[in-house]
Amino acid sequence: MSGQLSSPALARLLGQWQSGAAPAYRELADVVRLLILDGRLPLDTALPGERPLAETLGISRTTITAAYAQLREQGFLSTGQGAKGRTRLPSIQAAAAPGINAPDGVLDLAYAALPASGEVVHRAYASAATELPALLPGFGYEVQGLPGLREAIADRYTAAGVPTSAAEILVTSGAQHALNIVLRALVTRSGGRQDKVLVDHPSYPNALDAIRVAGAKAVPVALPAVPAIGSGAWDLDAWETALEQHRPTIAYLIPDFHNPTGRLMPDRQRRRLARAAARAGTVLIADETLRELNLDGIPSTPMAAFGPGVVSIGSLSKSHWGGLRTGWIRANPDLISRFCSARSSMDLGGAVMEQLAATHLVRNLDQPLLDRLESLRANRSALLELLGSELPDWKIEYPDGGLSVWCRLPGPISTALTVIAPEFGIRLAAGPRFGVGGSYDGYLRLPFTLPPAGLRTAVLALRAAQEKLASAPQLRRDTAATPVNAIA
Ligand SMILES: Cc1ncc(COP(=O)(O)O)c(C=O)c1O
């Protein structure tokens, strides 16, 4: 939204801006900066010209000129020639933004994550700052989460076809935290018996780690290598057999734009799976962290619609920003109360500011998401095209959505590629991180979170790294261990 502010309107917003404690130009610039930061002065608004503002405020024009110059220098006003300065936020230097361009100049392909859409997230925090004072008289502890945020999340499920109340939502510090709470509540560590958790294979590395750390055993059920058209993306016969045979405590899946493959589970498979889990007495956990990244607009119903015992995990990390650290669990009220008890030994609730900001984001999810989806679609096309032309011996699975492409390499070289990748200016997550027991050295997850130019640099670097491995096969033998670096 862009607009123009008149001198009287700005004067009203400024109020009693001059205290005399500092030069007038600096006080004026400071107050305008605060108005921009707390959202009262919207971004992309043209400020009044120097002369009319000087007249309205009854001060010299040079004071206004100096104040505007300071705002420009600090990055709060645009610098377009001739045009009136427009309000903006200082841009973050790429070198200081982790995950885009790591500080050492390495392109980070180990994170399948996006930077925040600055304006949208900033506006949500600005609104939160104005709502915070009303909550300050309380203690600030809400183990289940702020009621307003729980209602907003519940309403989204209801709108997606799963009637949900705020009592069925627990707000967490992200999806990873949510999974840890569920595991802590449901995995038993008694009598030397190890609980089993059935998992998609491949699966999200941090989830596999959480299952192991919780003392449970991840039992893999393989995703079909390349799904035949019309056969469905999961092997439901294998899932039914595994559920019946192992009768696991938990099954953990990512049915919505699966990480790393980007597959979407069709509704008919969701129904079958939920029934099979209920028969086996297994709690089905559906990780919906990537659900909003529906790049091709394929209709699907949240897993919770197919069984009252389903536990859904969600997050704002991929739709908005990982830095929000806000996610949730949706489950029946009995389970929610068990999860709240399990949570209390880890933390006593989420930060109030983040939850207030998250409430705005959840309530206004759709519009900002459209822009994000559009650029992701362009990135996905660019990456698929680049891989086809530069690395034709890699087999690519077309992702229905999400943030990554799962690539089948011409041999078991994923670990070796990951080890030598920094020499070529890239950082990778080795395929075996996505598997149980060292499988998937013949695969690599590539995120399409960089813009096309960055993806081109990355793919050319991958080609150069692969050529180096081909010319020095001993490198493959020297790099047997999977590097354990941070992944998202
Ligand atoms: C499938 C899946 N689950 C959980 C997470 C962690 O999400 P959060 O940042 O909300 O903890 C991710 C992040 O990449 C993910 O892809």
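Model, not experiment: these values are computed from the prediction.

S.K.: Go over the pattern of salt bridges, please, and point to the residues and values.
M.R.: Under the definition given, this model contains 22 salt bridges. Ionic pairing is found between Arg 212 and Asp 209, a salt bridge with its closest N-O pair at 3.4 Å. Taken as a pair, Arg 212 and Asp 209 lie in helix 8 (residues 205–213) at a separation of three residues, close to a single helical turn. Using a relative accessible area of 28% as the deciding quantity, one classes Asp 209 as partly exposed. Two residues, Arg 270 and Asp 256, come together in a salt bridge whose shortest N-O distance is 2.9 Å. In this pair, Arg 270 is assigned in helix 10 (residues 267–280) and Asp 256 in the loop between strand 7 (250–253) and helix 10, connecting sequence segments 14 residues apart. Among the residues examined, Arg 270 registers a relative accessible area of 0% and is labelled buried.

S.K.: So what's going on with the layout of surface pockets? Residues and values would help.
M.R.: Estimated volume of the second largest pocket: approximately 580 Å³. Every residue lining the second largest pocket is counted, 29 residues in all, and those nearest its centre are Arg 156, Ala 160, Arg 291, Glu 292 and Leu 365. Going through the elements one at a time, helix 6 (147–159) and helix 13 (366–390) are the ones with two or more residues in the lining of the second largest pocket. A total of five residues in the lining of the second largest pocket trace back to one element, the largest contributor, which is helix 13. Across the lining of the second largest pocket, the residue classes break down as 16 nonpolar, six polar and seven charged.

S.K.: Before we move on, could you go through the nonpolar core and cite the residues and values that matter?
M.R.: Core analysis: the largest hydrophobic core is formed by 99 residues, its most contacted members being Ile 329, Phe 339, Trp 394 and Leu 446. Examining the composition of this core, we find that eight residues originate from one element, helix 7 (residues 175–186), more than from any other. Here this core spans two domains, and each of domain 2 (121–365) and domain 3 (367–478) adds at least three residues to it.

Thresholds, definitions, all that
- Residues numbered from 1 in each chain as written.
- Predicted model: local features only at pLDDT ≥ 70, side-chain atom pairs only at ≥ 80, totals over all residues.
- Heavy atoms only, no water.
- Salt bridge = Lys/Arg side-chain N within 4 Å of Asp/Glu carboxyl O.
- Helix = DSSP H or I, 4+ residues; strand = E, 2+ residues; numbered from the N terminus.
- Buried < 20%, exposed > 50% of the residue type's maximum accessible area, 1.4 Å probe, protein only.
- 1 Å grid on protein atoms, 1.4 Å probe; cavity = no way out; pocket = protein on both sides within 12 Å on 5 of 7 lines; lining within 4 Å.
- Points joined across faces, edges and corners; volume = space filled by probe spheres on them.
- Nonpolar A, V, L, I, M, F, W, Y, C, P; charged D, E, K, R; others polar.
- Core = buried A, V, L, I, M, F, W, Y, C linked by side-chain atoms within 4.5 Å.
- Domains from an automatic or database assignment.

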